[in-house]
Amino acid sequence: MSTPDAVRSAAEALLTGLDDHRRATFLLRLDRWWPDLLAGVAAVHGDAERVATRLVEVAARGYADRPDDLHRLDERRLLRPDWIQQPDAVGYACYTERFAEDGTLAGLAERLDHLRDLGVTYLHLMPLLMPREGDNDGGYAVADYRAVRPDLGTVDDLRDLATVLRAHGISLVVDLVLNHVAREHAWARAARAGDATYRDYFHVFADRAAAGGPDELERTLPEVFPDFAPGSFTDDPDLDAWVWTTFNSFQWDLNWANPAVLVEYADIVVDLANLGVEVLRLDAIAFLWKRLGTSCQNQPEVHALTQALRATARMAAPALLFKAEAIVGPRDLVPYLGVGEHTGRVSDLAYHNSLMVQVWSMLATGDTVLARQALAGLPPTPPSGTWITYLRCHDDIGWAIDDADAGAVGLTGPGHRHFLADFYAGDHPGSWAEGLVFQHNPDTGDRRISGTAASLAGLGAHRRDPDGAFARLYLGHAVIAGWGGVPVIWSGDELGLPNDPDWAAEPGHADDNRWAHRPRVTDAAVARRHDPGTDEGRVHSGIAHLLRTRRTLPQLHAGAPVEVLTDTDPGVLAVVRRHPSGVLVGLYNVTTTPRPFPLGRLHDLGLARPLDALGGHAVTAGADGVVWLPPYAAWWVVEG
């Protein structure tokens, strides 16, 4: 499909100040991405060419304004399109104010040594764009996308930090909330003032009981925060109407059926890219499209909208990647990386929430059968798509156990979810965990869990099983790092920090126990990372070793296909990765007793002289041909 002359002319008019090479480069990108852009827009909006032309104009203006050093970054990324899939890719996620020594963007640079020790190449700073005052859902109620929280610094500080990080080989990752804005955002203020244009940026209902209104919609909508924000709609007196508020009354859902919203966000995307942001975490992306009679999650239009945004960004700033924050069921995950007509055209990264849930499930049960069922059933990722893998994150753990997977292995979904909630709240006999119940829904029985990795593994304040905890933490991180994709470490987990005992004392935190697993990283804790006699030293040395070893193994390139063996001992998870350089078999014993694995199976997989790359030892068997994995063993077996 060739780019229409009118569209090409509109772009050229915005590029007049550039030299011939720069103009030609943009027009080549326009020709490359126009078909994807038009197809994405046409799937959701009428008059698609007009809307797509507006997006091209956004891209052209952003391209013309893009700094020279970022144009060079674009060229480097285009020469190595799989840069984020390399086995040396390692992520770290934190709140600036809880990680930086002085709590600011400028001060965060003082912690670069700590990040370099882990080999971090990808730094996700939690919400830092200007939120509303007061309760703001941890920063996810954004009042201004073009300003930074004053306590953290300025937009110039953000640009400077991105430049410093880039010089050290670290890509900056920032949240972009797509589903909603704060009630105090300029669009919402204009809507409340009676501006019909901006009123149409939101889902507004004059009558709750009208056909297609809140009463009818809520019959199929799940509650996200049933404890403190029940329901999905708010009667706003200034608006004199009901407005859709999936998360909180002060977070107004946007009407993505209005093309003006798409154009607004495209402009924000390009501006953030021009500050030096290299990855945008597309927050709450699963909720964008609303459809009566559904959960209003994972609708096909979400992927078309993402395709349109991505095509726009590719024209202006191809170094920018999209990461889908879609915490959804296992069967709904892969479409966020692109399947069918959207393959290679939507998000570049997506959270492997199912892997996190299954790791904690295996550790609690000492059994891999459910995990094998769930993980083996996932379709492969597209060549351009990559998982973000993690043991913990900033959020609570929702026990996303698929009912069909549970039923296939003789469990019930509700029963297993109930067990996991009990176990990690420390209420099940024999539990070592010290988690906190988050958002108990008495109608559904749903309970989520808050807690640092250390507190969930047995290294909490009461140290219910510290020796076992170190082994479990190492094993869990080994599964995450050995899966492929980009392993991301949540701030403090690399030091084995327990839940913050004072989490409720900070203003605005008392009603949200997720702050327990967002502890401040202190100078003293960081200093202890090199002392093997401390918790920090033991945990840090294990994770650092995993990540150093990972960098040497091309089999852990994210593009290598993954196969989960489904016929092993129930205590052993076996994951096979096949790469042109050779085979890697991850063997993980999730039990407290030695477990068997046939040596002949490794030979059959192409490993004639199997070697555990993590332990540096040959993998051998007795006369019976059986290899015995020690309790909580984590082996990455390659050809010796």
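Just above, that's the structure.
(A) Geometry of the overall build of the protein chain. In terms of regular secondary structure, the protein chain is built from 23 helices and 25 strands. In terms of overall size, the protein chain behaves like a compact globule, its C-alpha atoms giving a radius of gyration of 25 Å where 640 residues would be expected to give roughly 26 Å. Each principal axis of the C-alpha distribution contributes one length, and for the protein chain these read about 75 × 55 × 50 Å. Across the 640 residues of the protein chain, 61% fall into the buried class. Taking the contacts inside the protein chain whose residues are at least 6 apart along the sequence as the reference set, 71% of them involve residues at least 24 apart. Carbon and sulfur atoms provide 52% of the accessible area of the protein chain, an area that totals close to 22,900 Å².

(B) Representation of the pattern of salt bridges in the model. Enumeration over the complete set of coordinates arrives at 46 salt bridges. Measuring nitrogen to oxygen at the nearest pair gives 2.9 Å for the salt bridge that ties Asp-396 to Arg-448. Residue Asp-396 is found in the loop between strand 14 (386-390) and helix 17 (403-408), and its partner Arg-448 is found in strand 16 (residues 446-450); the two are separated by 52 residues along the sequence. Overall, Asp-396 belongs to the buried group, its relative accessible area being 9%. Residue classification places Arg-448 among the buried positions, given a relative accessible area of 13%. By sharing partners, the salt bridges in this structure join Arg-98, Asp-500, Glu-506 and Arg-520 into a single network.

(C) Fine view of unusual backbone geometry. Although it is not a glycine, Asp-240 adopts a positive phi angle of roughly 55°. Tracing the backbone shows Asp-240 in the loop between strand 8 (233-236) and strand 9 (241-244). Even without being glycine, Cys-296 reaches a positive phi, approximately 60°. Considering the arrangement of structural elements, one finds Cys-296 in the loop between strand 11 (279-283) and helix 13 (300-316).

(D) The packing of helix 15 (residues 353-365) against helix 18 (residues 413-424), seen in detail. At a minimum axis separation of 11 Å, helix 15 and helix 18 run at an interaxial angle of 75°. When the axes of helix 15 and helix 18 are compared, the pair comes out roughly perpendicular. Here helix 15 contributes Trp-360, Ser-361, Leu-363, Ala-364 and Thr-365 to the contact with helix 18, which in turn contributes His-416, Phe-419, Leu-420, Phe-423 and Tyr-424. Here the residues of the contact of helix 15 with helix 18 sort into seven nonpolar, three polar and no charged.

(E) Highlighting the packing of helix 2 (residues 20-42) against helix 13. Running from amino to carboxyl end, helix 2 crosses helix 13 at an angle of 170°, the nearest separation of the two axes being 8 Å. For the element pair helix 2 / helix 13, the angle class is roughly antiparallel. Facing Phe-26, Arg-29, Leu-30, Trp-33, Trp-34, Asp-36, Leu-37, Ala-39, Gly-40 and Val-41 of helix 2, the residues of helix 13 in contact are Ala-304, Gln-307, Ala-308, Arg-310, Ala-311, Thr-312, Arg-314, Met-315 and Ala-316. Partitioned by chemical class, the residues of the contact of helix 2 with helix 13 number twelve nonpolar, three polar and four charged.

(F) The arrangement of the side chain of Asp-569 in detail. By the element assignment, Asp-569 lies in the loop between strand 18 (562-564) and strand 19 (572-579). Assessed through its relative accessible area of 17%, Asp-569 is described here as buried. In terms of polar contacts, Asp-569 uses its side chain to reach the side chain of Arg-595, at 2.9 Å. When residues no more than four places from it in sequence are discounted, the contact partners of Asp-569 are Thr-368, Arg-372, Arg-595 and Pro-596.

(G) Focus on the sheet that holds strand 17 (residues 486-490). A barrel is described by the order of its strands in space; here eight strands give the closed sequence 1-2-5-11-12-13-14-17, paired in parallel fashion. When strand polarity is set aside, the average angle formed by the axes of neighbouring strands in this sheet is 25°. Pairing of strand 5 (residues 171-177) with strand 11 involves five bridges; the strand directions are parallel. Each residue of the ladder has a partner; that of Val-177, found in strand 11, is Asp-283.

(H) Broad picture of the packing of aromatic side chains. By the definition in use, this model includes 22 aromatic pairs. Both rings, one in Trp-187 and one in Tyr-265, keep their centres 5.9 Å apart while their planes meet at 70°; by these two values the pair is edge-to-face. Of this pair, Trp-187 sits in helix 9 (residues 186-192) while Tyr-265 is found in helix 12 (residues 259-274), placing the two residues 78 residues apart along the sequence. The class of Trp-187 is buried, set by a relative accessible area of 7%. On the basis of an interplanar angle of 50° and a centroid distance of 5.8 Å, the ring pair of Phe-419 and Phe-423 is categorised as tilted. Here Phe-419 and its partner Phe-423 are both found in helix 18, four residues apart, which amounts to about one turn of the helix.

(I) How the structure looks around the nonpolar core. Membership of the largest hydrophobic core comes to 194 residues, with the highest contact counts inside it found for Trp-256, Tyr-265, Trp-360 and Tyr-424. Per-element accounting of this core gives the leading share, eleven residues, to helix 12. Discounting residues that sit within four places of it in the chain, Trp-256 has contacts with His-45, Leu-178, Val-261, Leu-262, Tyr-265, Leu-288, Trp-289, Leu-305 and Leu-309.

(J) Spotlight on helix 20 (residues 466-482). Between its terminal C-alpha atoms helix 20 stretches 24 Å, which fits the 24 Å expected from 17 residues at 1.5 Å a residue. Across the 17 residues of helix 20, 13 count as buried, placing the element largely inside the fold. Positive backbone phi, at 105°, marks Gly-484, one or two positions downstream of helix 20.

(K) The arrangement of the environment of Gly-460 in detail. Assignment of secondary structure puts Gly-460 in the loop between helix 19 (453-457) and helix 20. The class of Gly-460 is buried, set by a relative accessible area of 4%. Considered as a pair, Gly-460 and Pro-501 are 41 residues apart in the sequence and their alpha carbons are 10 Å apart. Not counting residues within four places of it along the chain, the set of residues in contact with Gly-460 comprises Glu-434, Ala-454, Ser-455 and Pro-498.

(L) Examining helix 12 more closely. For helix 12, with 16 residues, the first-to-last C-alpha span of 23 Å sits near the 22 Å given by 1.5 Å per residue. Taking burial as the measure, the 16 residues of helix 12 include 13 buried ones, the bulk of the element. Among the residues trailing helix 12, Gly-276 stands out with phi positive, at a value near 110°.

(M) Molecular detail of the sheet that holds strand 25 (residues 634-639). Pairing within the open sheet is antiparallel, and its six strands lie in the order 18-19-20-25-22-23. Each edge of the open sheet carries a strand with a single partner, namely strand 18 and strand 23 (617-618). Of the pairings in the sheet, the one linking strand 19 to strand 20 (residues 582-589) comprises eight bridges and is antiparallel in character. For Val-572, the partnering residue across the bridge sits in strand 20 and is Asn-589. Contacting strand 19, strand 20 and strand 25, helix 20 runs over the sheet at an angle of about 40° to strand 25.

What counts, and where the lines are drawn
- Residues numbered from 1 in each chain as written.
- Predicted model: local features only at pLDDT ≥ 70, side-chain atom pairs only at ≥ 80, totals over all residues.
- Heavy atoms only, no water.
- Helix = DSSP H or I, 4+ residues; strand = E, 2+ residues; numbered from the N terminus.
- Rg over C-alpha atoms; globule rule 2.2 N^0.38 Å.
- Buried < 20%, exposed > 50% of the residue type's maximum accessible area, 1.4 Å probe, protein only.
- Contact = heavy atoms within 4.5 Å.
- Areas by Shrake-Rupley, 256 points an atom, 1.4 Å probe, with all protein chains shown as cover.
- Salt bridge = Lys/Arg side-chain N within 4 Å of Asp/Glu carboxyl O.
- Axes fitted to C-alpha atoms, helices over the stretch in contact; angles between N-to-C directions.
- Parallel < 35°, antiparallel > 145°, perpendicular 65-115°, else oblique.
- Nonpolar A, V, L, I, M, F, W, Y, C, P; charged D, E, K, R; others polar.
- Polar contact = N/O pair within 3.5 Å; in protein donor to acceptor, adjacent residues only side chain to side chain.
- Pairing = 2+ DSSP bridges.
- Phe/Tyr/Trp six-rings, centres within 6.5 Å; stacked < 30°, edge-to-face > 60°.
- Core = buried A, V, L, I, M, F, W, Y, C linked by side-chain atoms within 4.5 Å.
- Expected span 1.5 Å × (residues − 1).

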